[in-house]
Amino acid sequence: MRDVIDQLEGWWKNGQEAALATVVGTFRSAPRQPGASMLVGPAGEAVGSVSGGCVEGAVYELGGEVLADGRPRLQRYGVSDDDAFSVGLTCGGILDIYVEKVSPETYEQLGKVADAIREESPVAVATVVAGPEERLGRRLIVWPDSVDGTTGSTRLDEAVRDDVRGLLAAGRNATLHYGVDGQRRGEGLDVFVESFAPPPRMIVFGAIDFAAAVAKMGNFLGYRVTVCDARPVFATASRFPGANEVVVEWPHRYLAAEAKAGRIDERTVITVLTHDPKFDVPVLEVALRLPKVGYIGAMGSRRTHDDRLERLREAGLNEEELSRMSSPIGLDLGARTPEETAVSIAAEMIAQRWGGGGVRLAEREGPIHLAVASA
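This one's a predicted model, so the numbers in the text were calculated from it and none came from an experiment. Position numbers for residues start from 1 in each chain and track the written sequence from start to end. A pLDDT threshold of at least 70 governs which residues receive local features in this predicted model, and a stricter bar of 80 or more applies before side-chain atom pairs are shown or counted, although totals over entire chains, interfaces and linings include all residues. The basis for every side-chain value is the complete set of non-hydrogen atoms in the structure, without hydrogens or water.

**Remarks on the environment of glycine 262**
Applied cut-off: Only DSSP runs of H or I covering at least 4 residues are called helices, and only runs of E covering at least 2 are called strands; the numbering of each starts at the N terminus.
Structurally, glycine 262 is set in the loop between helix H6 (251-260) and strand S14 (269-272). A sequence separation of 55 residues divides glycine 262 from alanine 207, and the C-alpha atoms of the two residues are 24 Å apart.

Okay, here's the thing in structure tokens:
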């Protein structure tokens, strides 16, 4: 919903109704991830996408039906047949799409949700998408320290609240399954959770030309990028236009302070590009001992890597901790320029996040998108 929230809130503030279609489940090579949204506006406008074009026409028609009768729908779209005009996903995937009517009466907390998203304040929306008809569309809005709304059951509200806060902390979307009164091992009621956490962080240590390319790539991928270096002559905003902030500080001190302040989590990626032992060994010593980090990569030649490992062992790091470091950093793409190297680093980050093997898809068989474990 993040991509369509401004348009949706505009209609909502004017007292107009719109249909909101959201991907709540994906299987096999589905083209969009859970949370992808599309709107059908009060004048028939279509905003957003749920499948990259495969089923938008059918979802648009379903949105019109939902606007007409107010009854939410959960619809599954699978593989199309040989008829060129049939509705389906030619990629072989399956999408579950939930369509609901949004108005000030049906979604009174939308303004608060929109404000939180714009302010990058963590918030999650938990909506009943399957179960008893009288529960469909009921929702909880969950912040780290408060809750608004209800699913229609106090016990279910309590279970959903606790489970959603775990997903919100990780910035994950998921469909949770319960009994109709909140039993965690029960069946009969599904709740889709869409988390709007602040963007994940990328911290780039080393104000060098490669760092400028990596920062630009990180920004493109949706990270909030920080470039940090102890040398003020190099760590300037003008040299790193792709970064959200440039910090002049010793890298290990900055990282330790950010971790202590709770601003490092399992989505954070750390790239150490200095390949200078007086900078990279102390910061890697801090990074590799952090309990939750999404990715840690360090630049350098094979010789630099071997020397770095020896220095880190002397600092007391064990082999399990050292195994968390990607060094030399990046996938083998034959990269030469800073920009190509940034692509190599980004490719390794993505592969590690989603479990990819980094091989050519033409050489693989089976689904393109690997299954991701859900809560």
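**Looking at the nonpolar core**
The cut-off we apply is this: Only buried Ala, Val, Leu, Ile, Met, Phe, Trp, Tyr and Cys residues count toward a nonpolar core, and they belong to the same one when joined by side-chain atoms within 4.5 Å. Three exposure classes are used, based on accessible area relative to the maximum for each residue type with a 1.4 Å probe and protein chains only: buried under 20%, partly exposed in between, and exposed over 50%.
If you look at the biggest cluster of nonpolar residues, it comprises 24 residues, and the most contacted ones within it are Met202, Val204, Val214, Val225, Leu273, Ile345 and Met349. Elements represented by at least two residues in this core include exactly strand S11 (201-205), helix H5 (209-220), strand S12 (224-229) and helix H10 (338-354). With five residues, the top contributor of residues to this core is H5. Cys228, Val247, Val283 and Met325 belong to the second-largest nonpolar core, a separate cluster that totals 23 residues.

**Details of the UniProt feature "domain: XdhC- CoxI" (unreviewed entry) in the protein chain**
Note the threshold: UniProt positions are given in the numbering used here, feature names are shortened, and annotations may be inferred rather than shown by experiment.
Mapped onto the present numbering, the UniProt feature "domain: XdhC- CoxI" (unreviewed entry) falls at residues 11-78 and 117-179. Across residues 117-179, the secondary structure splits into 30% helix and 38% strand, with the terminal C-alpha atoms separated by 30 Å.

**Here's the deal with the side chain of serine 153**
Test applied: We call two N or O atoms a polar contact when they sit within 3.5 Å, provided that within protein one can donate a hydrogen and the other can accept it, with sequence-adjacent residues counted only if both atoms are side-chain atoms. Contacts are assigned to residue pairs with any non-hydrogen atoms lying within 4.5 Å of each other.
Locating serine 153 in the fold gives a position in the loop between strand S8 (146-150) and helix H4 (154-170). Only 3.2 Å separates the side chain of serine 153 from the backbone nitrogen of leucine 156, close enough to count as a polar contact. Excluding residues that lie within four positions of it along the chain, serine 153 makes contacts with Arg135 and Asp181.

**As for the domain arrangement of the protein chain**
So the rule is basically this: Each domain's extent was defined by an automatic or database domain assignment.
Looking at the protein chain, the domain boundaries give domain 1 (1-106), domain 2 (108-198) and domain 3 (201-354). The gap between the C-alpha centroids of domain 1 and domain 3 is 39 Å.

**Side note on the sheet that holds strand S6 (residues 123-130)**
As a reminder, the rule being used: Strand pairing follows a simple DSSP-based rule, namely that at least 2 bridges must link the two strands. Only the stretch in contact is used when a helix axis is fitted, and all axes are lines through C-alpha atoms; the angle between N-to-C directions ranges over 0 to 180 degrees.
If you trace the five strands from one edge of the open sheet to the other, you get S8-S7-S6-S10-S9, paired in antiparallel fashion. Strand pairing shows two members of the sheet lacking a second neighbour, S8 and strand S9 (174-179), which therefore form its edges. Ignoring strand direction, the axes of neighbouring strands in this sheet form an average angle of 20 degrees. H4 contacts S6, strand S7 (139-143), S8, S9 and strand S10 (188-196) of the sheet and is inclined by roughly 45 degrees relative to S7.

**Brief notes about the packing of helix H7 (residues 277-287) against helix H8 (residues 302-314)**
Note the cut-off: If an angle is under 35 degrees, it is roughly parallel; if it is over 145, roughly antiparallel; if it lies from 65 to 115, roughly perpendicular; otherwise it is oblique. Handedness of a crossing is defined here by the sense of rotation of the near helix relative to the far one, left-handed for an anticlockwise turn of less than a right angle and right-handed for a clockwise turn. Nonpolar residues are Ala, Val, Leu, Ile, Met, Phe, Trp, Tyr, Cys and Pro. Charged residues are Asp, Glu, Lys and Arg, and all others, Gly as well, are polar.
Interhelical geometry of H7 versus H8 gives an angle of 55 degrees and a closest axis separation of 10 Å. Viewed along their axes, H7 and H8 adopt a mutual orientation that is oblique. Of the two elements, H7 crosses H8, and the hand of that crossing is right-handed. Here H7 contributes Pro277, Asp280, Val281, Leu284 and Glu285 to the contact with H8, which in turn contributes Arg308, Arg311 and Leu312. Partitioned by chemical class, the residues of the contact of H7 with H8 number four nonpolar, no polar and four charged.

**Focus: helix H1 (residues 5-13)**
An α-helical turn contains 3.6 residues, so any two residues separated by three or four positions project in the same direction. Threshold: When we speak of the arc, we mean the arc of directions from the helix axis to the C-beta atoms.
By the burial criterion, the buried members of H1 are Ile5, Leu8, Glu9, Trp11 and Trp12. Relative to the axis of H1, the buried residues are bounded by an arc of 160 degrees and lie together on one face. Opposite the packed face of H1, turned more than 90 degrees from it, sit the exposed residues Asp6 and Lys13. Those residues of H1 hidden inside the fold are in contact with strand S1 (18-27), strand S2 (37-40), strand S3 (46-48), strand S5 (94-102) and helix H3 (110-118). Just beyond H1, the residue with positive phi is glycine 15, at close to 75 degrees.

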